[in-house]
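If you want the building blocks of each chain, they are given just below.
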Amino acid sequence: MSTVQVPGAPVALGSARLLAGVTHGARADLATHRHRHGPQHHRTLEQLAAEAARVRLLGRGGAGFPVSTKLLAVPAGRRTQVVVNGSESEPASRKDRTLMTLAPHLVLDGALIVARALGTRHVTFAVHDQGAHASLRAALEERARLEPVRERVELHRRPARFVSGEIRAVLRGLDGGPAVPPSRRTLPSESGLHGAPTFASNVETFAQIALLVSLGLAEFGSVGSPEEPGTTLLTLVGDVRTPGVVEVPTDLPLDALLPGPGGPVLLGGYHGRWVRDVAGLSVARPGLKAAGLPLNAGVIARLPRAACALAEVVAVTRWLAAQSAGQCGPCLFGTAGLARDVEELFRGRAAPAVDARLLGLAGRGACAHPDGTTAFVATALDVLGEELAAHRRHGGCGRPYAAVLPLDGGGAR
């Protein structure tokens, strides 16, 4: 059997569903998975879409799009493709690789449920993490021996680059092209993998679909917020109660994840938004969206008061600029200019072009990267007013760069 590298043990705050039986950090093999989640059950496309609509199931990647709507937008048939996006190229996120490594059969069940509902045998996984890839490969070997499937399930290793995790970049890379988003914004449901209609979503979405089918409507909706029932996975970073991957009910107040007052909070990762505090906010995506805040891939990071928050922003903005897809001016030159501006502010110098640059980048890119970078920087500058003033007066705030926000490299100096 393939060697599987298991990440640190995740935590369930309340009901463990996605993480049922794996919170001690041990991988669930097929027999263990079946004991916990029962035999596979399948649905017609109409049944699956109706059940997803009843529980208001939203995608667990960046957009939080209704799963029922996405299912019904994909034409059923043998040519249709199902793509599981396990790229997770956000450095701060570990939830999807945790599922693939510890509960791979839950993800596989979800992918097969969708494939059979759509009348196709084509399932493709795009994964960059070595341990997650090994766990999925071992899961397919277990199924071949104990529970053969008729579908053709393919595993592909993909680059870990940030922009390569966007679904259009994933599909382009799987088709042999460069793993960057194309400028033409065609929906995968119209033309995706190999030019065929494609249902594509991230790993947790497929695991949620499997849970919905195994638990049933009543049990699935028995916890969480009425506007988005169930649980969800988060990756908590920095000054938080439980660093790492956690499963929480969707009605959990965000301040329950934080140990009292602290530094600024980043919601939604490196294409997310900074806020001063999270009072009155809960985990449910609809409520966050109404407040103008994305949960994206479920990253919540809080900086400790003892750390220089502006140094963290500089480090991530540099990193984001280096992740440019390099196929349009706003992405190639605009993000690099923005990184220089933020570093000037960090040095205590004026950056007179920063506001104009932020306005000029918004909505101008061929992909979402310039917009995401702009939101990250603009909300940081709004939240960090006092620290910016200290840097202007003294050339710094006196606090160190603590490297709280993880990167593939770089950092403030």
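Residues numbered from 1 in each chain as written. Predicted model: local features only at pLDDT ≥ 70, side-chain atom pairs only at ≥ 80, totals over all residues. Heavy atoms only, no water.

Moving on to the overall build of the chain. For the chain, the count of helices and strands is 15 helices and 12 strands. Whereas a compact globule of 413 residues would reach a radius of gyration of roughly 22 Å, the chain reaches 21 Å, a difference of no more than 12%. A principal-axis box enclosing the C-alpha atoms of the chain has dimensions of 65 × 45 × 40 Å. Counting only residues that meet the buried cut, the chain has 57% of its 413 residues in that class. Here the chain displays about 16100 Å² of accessible surface, and carbon together with sulfur accounts for 53% of that area. Each charge class in the chain can be summarised by its mean position, and for the 45 positive and 35 negative side chains these summaries are 4 Å apart. (Helix = DSSP H or I, 4+ residues; strand = E, 2+ residues; numbered from the N terminus. Rg over C-alpha atoms; globule rule 2.2 N^0.38 Å. Buried < 20%, exposed > 50% of the residue type's maximum accessible area, 1.4 Å probe, protein only. Areas by Shrake-Rupley, 256 points an atom, 1.4 Å probe, with all protein chains shown as cover. Lys, Arg positive; Asp, Glu negative; His and termini not counted. Charge placed at Lys NZ, Arg CZ, Asp CG, Glu CD.)

Okay, the sheet that holds strand E12 (residues 299-302) next. Pairing in this open sheet of 6 strands is mixed, and the strands run E1-E9-E8-E12-E10-E11 from one edge to the other. Looking at strand neighbours, the two that pair on one side only are strand E1 (11-12) and strand E11 (273-275), the edges of this open sheet. Of the strand pairs in this sheet, strand E10 (residues 265-267) and E11 are connected by 3 bridges, and their pairing is antiparallel. Bridging across to E11, Val265 finds its partner in Val275. (Pairing = 2+ DSSP bridges.)

Another point: the packing of helix H1 (residues 30-37) against helix H5 (residues 104-117). For the pair H1 and H5, interaxial distance at closest approach is 9 Å and the crossing angle is 70°. By the angle between their directions, the pair H1 and H5 is classed as roughly perpendicular. For H1 against H5, the interelement crossing comes out right-handed. Where H1 approaches H5, its residues Leu30, His33, Arg34 and His37 are matched on the opposing element by His105, Leu106 and Asp109. (Axes fitted to C-alpha atoms, helices over the stretch in contact; angles between N-to-C directions. Parallel < 35°, antiparallel > 145°, perpendicular 65-115°, else oblique. Left-handed = near helix turned anticlockwise from the far one by under 90°. Contact = heavy atoms within 4.5 Å.)

This brings us to the environment of Pro400. Along the chain, Pro400 falls in the segment after helix H15 (385-394). Contact partners of Pro400, with chain neighbours within four places excluded, come to Ala306, Ala307 and Cys308.

All right, on to unusual backbone geometry then. Peptide bonds are, in most cases, trans, and in most cases residues other than glycine have a negative phi. The phi dihedral of Arg56 falls on the positive side, at around 55°, and the residue is not glycine. The residue Arg56 is located in the loop between helix H2 (45-54) and helix H3 (67-73) in this model. Judged by relative accessible area, Arg56 falls into the partly exposed class, the value being 44%. One non-glycine residue with positive phi stands out, namely His194, at about 55°. Within the secondary structure layout, His194 lies in the loop between helix H7 (167-174) and strand E5 (198-202).

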